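# Descriptive analysis of the structure
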Amino acid sequence: MTATPQFLGRNVFDLDDYSADEIMYILEAAKGMKEINLREYKKIPTLRGKTVCTLFVENSTRTRMSFELAANRLSADVVSFQASVSALQKGESLQDTVYTLDAMGIDLYCIRHSSPGSPQLVHKYSGKPVINGGDGRHAHPTQALLDIFSIWEKLGDIRGLKITIVGDILNSRVVRSNLIGMKKLGAEVTVCGPRTLMPSYMEEVYGCRVEYSLSEALRDADVVMGLRMQLERMTEGLFPSLEEYSKHYVLSKDTIKYAKKDALIMHPGPMNRGVEILPEIADSSQSVIVEQVANGVAVRMALMFLILGGKA
Amino acid sequence: MKTLIKNGLAYIEGAIVKMDILIEDTRIALIDNDITADADEVIDAAGMHVFPGFVDIHAHLRDPGQTYKEDIISGTRAAAKGGFTSVCAMPNTEPVVDNIATVDYIQRRARELGFARVFVIGAITKQSAGEEISEMATMKSGGVVAVSDDGKCVQNAKLMLNCMRYAVNYDLPVIIHAEDYHLAGKGQIHSGKIATQIGLSGIPALAEETIIARDIMLAESAKARLHIAHITTAKSLELVRRAKEQGLPVTCEVTPHHLLLNEEACLSFDTNTKMKPPLRSEKDRLACVEALKSGLIDCIATDHAPHADFEKVREFDHAPFGIIGFETAFPVLYQSLVLPGIIPLERLIEAMSTAPSKLLRLPESGIRKGNPADLTIVDLNQSSVFAAENILSKSKNTPWLDQTIKSKIIYTLLDGTFTFRAE
């Protein structure tokens, strides 16, 4: 496989910069990468000599490991920048941090940051391609790609699928990117959660359906995705207790019955078992939650390969 | 010392007419069709417009305390370049202008070194902390023209009522920055479609509207003169309209950026689109334009808010709120509102000069015999470029950076003396 020129040097700020055809091309590339991950020797020399920096200003061990594994498996050199032990903690600006890293010869940045728009800033200061590994509540395009990949792999064509996402929609970057990608590929997406955790203008901005009743939202769904509910939203006055949330929005045998019998169960993790999803569902045969993690490495490998012009 | 301005199109008593203007020392000595007096300097203003010097009742000069962003000299020099002859300095300096010493400092420095008249606005509460009434009487004796906790908002209604009552005692208008802290929360941009799209926390229109509703009621009770700073929403305007219909002394201002930009500007994550109150919806913007046109909005104020480059070149949610406005105000409004025929030129000039000075009862502005010769001469056919190197403010935080805009301020005169001449 050889990377096509259309991807060379491009940023992955969010999926709105990519056409449906391009997203499908990335998924095809990820399929090839997944095959490498299943080999005994999980490494190809395609990005030898390239340097990838994981610039994680917000902690996320799992996502960082996934990016680093992806780069390693393509034989790139990887440097890991973690804010908790970095100059950013001493007050250095992101701009100066990037100037410093750039001087070391970085070819690609994978950034996780709590501020929306920070990947754009890193690209502005470095001129190098940037993959957004999650910027605040804004976007998480690689998570969306791995989610879409997992659905595509199991169910084939995304077009016409009914996908329901349940939980804290307001604070979820996963939802925003998924909505863009899934809608582009022709899925019908419903988002569901309490009104206090639902942003305004969802229908208008994303062309999705908004439901506040879980049973209505799940009706005939092909795919059901739960989202992590964070305790801190309770203290922000957005809902009264985890117990009450769970009573109305948990994915359980009782609630999932409204979806299609063989509906795919997904969750971007980490899960609060017993809050947004019960083990009986999370560990069921319909669940692809563990596979999502594996697919994440493949999707990130595909993106690095395409952006840095790898040859295999 | 005599200066003669020949052949200019002057804004006089609400109309634009071709007139010569003779200035003797600091005042306008004669206005006539064809003046042939001897003068030390004759300006041929053929094809240009002569306006009363612009008056900005809402600006941040950052002096004392944050002079790396701006100071009285750089700020007034930038104001003069934008055609302003008078600016009112908001009190959120360091220290806050809640005492006579700081009032004196600003006035003395402006008098000695400034390029514009500087009127001082004192704080409503001590340190603008929203807890105790400031020494308004003492500050009034020192010359403050109004009180405001701009940048902050008195959250306690009982205290605000007392502040208004106290301000009435000293005939001081109360200028409010309307923001309910709980509703605004950690918001960064308008709580609308764009906030949903880009995941930034929203500041709801309600945060402004509930305080305006509250303060109109408090002002009615206190019989206070209430002025609403940087109004932004259609509902806020509706509240002002109702108050005015009741005959209450309620006035409001709008900024050029809220007239010309909407929330969509924030899509780029450019921190020069981050201001408070935030850029609102297109519907709100259009309501502001309509209200300016109809006179419901009394005047235009820049809310000139300089921030150093290193402060603005940050992640969006870490950057401070605010943009500069002196040098861009007239040209951007002329280009976007007057040229397309949305607002008459006469209304724009009124809203930028005579209306704001009347509103705060500043010394009379306007081109009239005997008035101070505070004038702005503009060539509407030339263009101005807002390149960083051309901006006189110490800060360059404007969304119009590097844009070329139709119209150019050519001269600004304060008391008959040139404070700005275009190169």
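Our structure's up above, just so we're on the same page.
So, here is what we can say about the structure in this document.

The next thing to look at is the overall build of chain A. When helices and strands are tallied, chain A shows 13 helices and 9 strands. Its C-alpha atoms put chain A at 55 × 45 × 35 Å along the principal axes. Looking at chain A residue by residue over its 312 residues, the buried ones come to 59%. Looking at chain A alone, contacts between residues at least 24 apart form 72% of all its contacts between residues at least 6 apart. For chain A, the accessible area works out to roughly 12700 Å², and carbon and sulfur atoms hold 50% of it. For chain A, the centre of its 36 positive side-chain charges and the centre of its 37 negative side-chain charges are spaced 3 Å apart.

Counting secondary structure elements, chain B contains 14 helices and 18 strands. The C-alpha radius of gyration of chain B comes to 21 Å, within 12% of the 22 Å expected for a compact globule of 423 residues. In terms of its C-alpha atoms, chain B occupies a principal-axis envelope of roughly 65 × 45 × 45 Å. Within chain B, buried positions represent 61% of all 423 residues. Considering only contacts in chain B between residues 6 or more positions apart, those separated by 24 or more positions represent 75%. Here chain B has roughly 15500 Å² of accessible surface; of this, 50% comes from carbon and sulfur atoms. In chain B, 44 side chains carry a positive charge and 55 a negative one; their mean positions are 3 Å apart.

Let's shift gears to the packing of helix 12 (residues 329–338) of chain B against helix 13 (residues 345–352) of chain B. Residue and element names in this part refer to chain B. At a minimum axis distance of 10 Å, the contact between helix 12 and helix 13 shows a crossing angle of 150°. Classed by the angle they form, the pair helix 12 and helix 13 counts as roughly antiparallel. In the packing of helix 12 onto helix 13, the handedness of the crossing is right-handed. Facing A329, F330, L333, Y334 and V338 of helix 12, the residues of helix 13 in contact are L345, L348, I349 and M352. For the contact of helix 12 with helix 13, a count of residues per class yields 9 nonpolar, no polar and no charged.

A word on the layout of surface pockets. Residues and elements named next belong to chain B. By volume, the second largest pocket is sized at about 600 Å³. R62, N92, D150, G151 and K152 are the residues nearest the centre of the second largest pocket, which is lined by 30 residues in total. In the lining of the second largest pocket, the residues fall into 8 nonpolar, 14 polar and 8 charged.

Below, the discussion takes up unusual backbone geometry. Of note, the amide linkage connecting G269 of chain A to P270 of chain A takes the cis form, showing an omega dihedral of -10°. Relative to the assigned elements, P270 of chain A resides in the loop between strand 9 (264–266) and helix 12 (279–282). For the peptide bond that leads from D63 of chain B to P64 of chain B, omega is 15°, which places it in the cis range. Take P64 of chain B: it is sitting in the loop between strand 6 (54–59) and helix 1 (72–81).

With 17 residues of chain B at the contact, the number on the chain A side is 21 residues. When the two sides are added together, the surface that chain B and chain A hide from each other amounts to roughly 1500 Å², 56% of it contributed by carbon and sulfur. Seen at the junction of chain B and chain A, the total is 1 salt bridge. A salt bridge links E204 of chain A to K193 of chain B, with the shortest nitrogen-to-oxygen separation between them at 3.1 Å. Joining chain B to chain A, the criterion identifies 9 residue pairs in polar contact (both at pLDDT 80 or more). Broken down by class, the residue content of the side of chain B that touches chain A amounts to 6 nonpolar, 7 polar and 4 charged.

Residues lying three or four places apart along an α-helix face the same way, a consequence of the helix completing one turn every 3.6 residues. Residue and element names in this part refer to chain A. When the terminal C-alpha atoms of helix 2 (residues 61–73) are compared, their 18 Å separation across 13 residues agrees well with the 18 Å that a helix rising 1.5 Å per residue should span. All of the buried residues along helix 2 are T63, R64, S66, F67, E68, A70, A71 and R73. Once helix 2 ends, the next one or two residues include S75, with phi positive near 70°.

This paragraph deals with the pairing of strand 1 (residues 51–56) of chain A. Each regular strand carries side chains that alternate between the two faces of the sheet. Residues and elements named next belong to chain A. Here strand 1 lies mainly inside the structure; 6 of its 6 residues are buried. Burial along strand 1 is two-sided: the face carrying T51, C53 and L55 and the face carrying V52, T54 and F56 are both buried. Sheet topology places strand 1 next to strand 2 (residues 77–82); 6 bridges connect them, and they run parallel. Residue pairing across strands places F56 opposite Q82, the latter belonging to strand 2.

Attention now moves to the side chain of S236 of chain B. Tracing the backbone shows S236 of chain B in helix 8 (residues 234–245). Those residues in contact with S236 of chain B that lie beyond four places of it in its chain are E208, E209, I212 and I231 of chain B.

The next thing to look at is the side chain of T63 of chain A. Residues and elements named next belong to chain A. Position of T63 among the secondary structure elements: in helix 2. With a relative accessible area of 10%, T63 lands in the buried category. A polar side-chain atom of T63 sits 3.1 Å from a polar atom in the side chain of R112. Excluding residues within four positions of it along the chain, T63 makes contact with F56, R112, G133, H140 and R300.

On to helix 12 of chain B, then. Within helix 12 of chain B, 8 of the 10 residues are buried, which leaves the element mostly enclosed by the surrounding structure. Residues of helix 12 of chain B that are buried: A329, F330, P331, V332, L333, Y334, L337 and V338 of chain B.

Each strand in a sheet pairs with its neighbour through backbone hydrogen bonds, running either in the same direction (parallel) or in the opposite one (antiparallel). Pairing in this open sheet of 8 strands is parallel, and the strands run 6-7-8-9-10-13-14-15 (chain B) from one edge to the other. Whereas interior strands pair on both sides, the edge strands pair on one side only; in this sheet they are strand 6 and strand 15 (299–300) of chain B.

Moving on: the environment of L88 of chain A. All names here are of chain A. Structurally, L88 is set in the loop between strand 2 and helix 3 (94–103). Taking the relative accessible area as the measure of exposure, L88 reaches 16% and is therefore buried. Between the C-alpha atom of L88 and that of Q120, which follows or precedes it by 32 residues, the distance is 18 Å. Those residues in contact with L88 that lie beyond four places of it in its chain are V57, F81, A83, S93, L94 and T97.

Conventions and cut-offs
Residues numbered from 1 in each chain as written. Chains lettered and ligands numbered in written order. Predicted model: local features only at pLDDT ≥ 70, side-chain atom pairs only at ≥ 80, totals over all residues. Heavy atoms only, no water. Helix = DSSP H or I, 4+ residues; strand = E, 2+ residues; numbered from the N terminus. Buried < 20%, exposed > 50% of the residue type's maximum accessible area, 1.4 Å probe, protein only. Contact = heavy atoms within 4.5 Å. Areas by Shrake-Rupley, 256 points an atom, 1.4 Å probe, with all protein chains shown as cover. Lys, Arg positive; Asp, Glu negative; His and termini not counted. Charge placed at Lys NZ, Arg CZ, Asp CG, Glu CD. Rg over C-alpha atoms; globule rule 2.2 N^0.38 Å. Axes fitted to C-alpha atoms, helices over the stretch in contact; angles between N-to-C directions. Parallel < 35°, antiparallel > 145°, perpendicular 65-115°, else oblique. Left-handed = near helix turned anticlockwise from the far one by under 90°. Nonpolar A, V, L, I, M, F, W, Y, C, P; charged D, E, K, R; others polar. 1 Å grid on protein atoms, 1.4 Å probe; cavity = no way out; pocket = protein on both sides within 12 Å on 5 of 7 lines; lining within 4 Å. Points joined across faces, edges and corners; volume = space filled by probe spheres on them. Buried area = accessible area lost by both parts, 1.4 Å probe. Salt bridge = Lys/Arg side-chain N within 4 Å of Asp/Glu carboxyl O. Polar contact = N/O pair within 3.5 Å; in protein donor to acceptor, adjacent residues only side chain to side chain. Expected span 1.5 Å × (residues − 1). Pairing = 2+ DSSP bridges.

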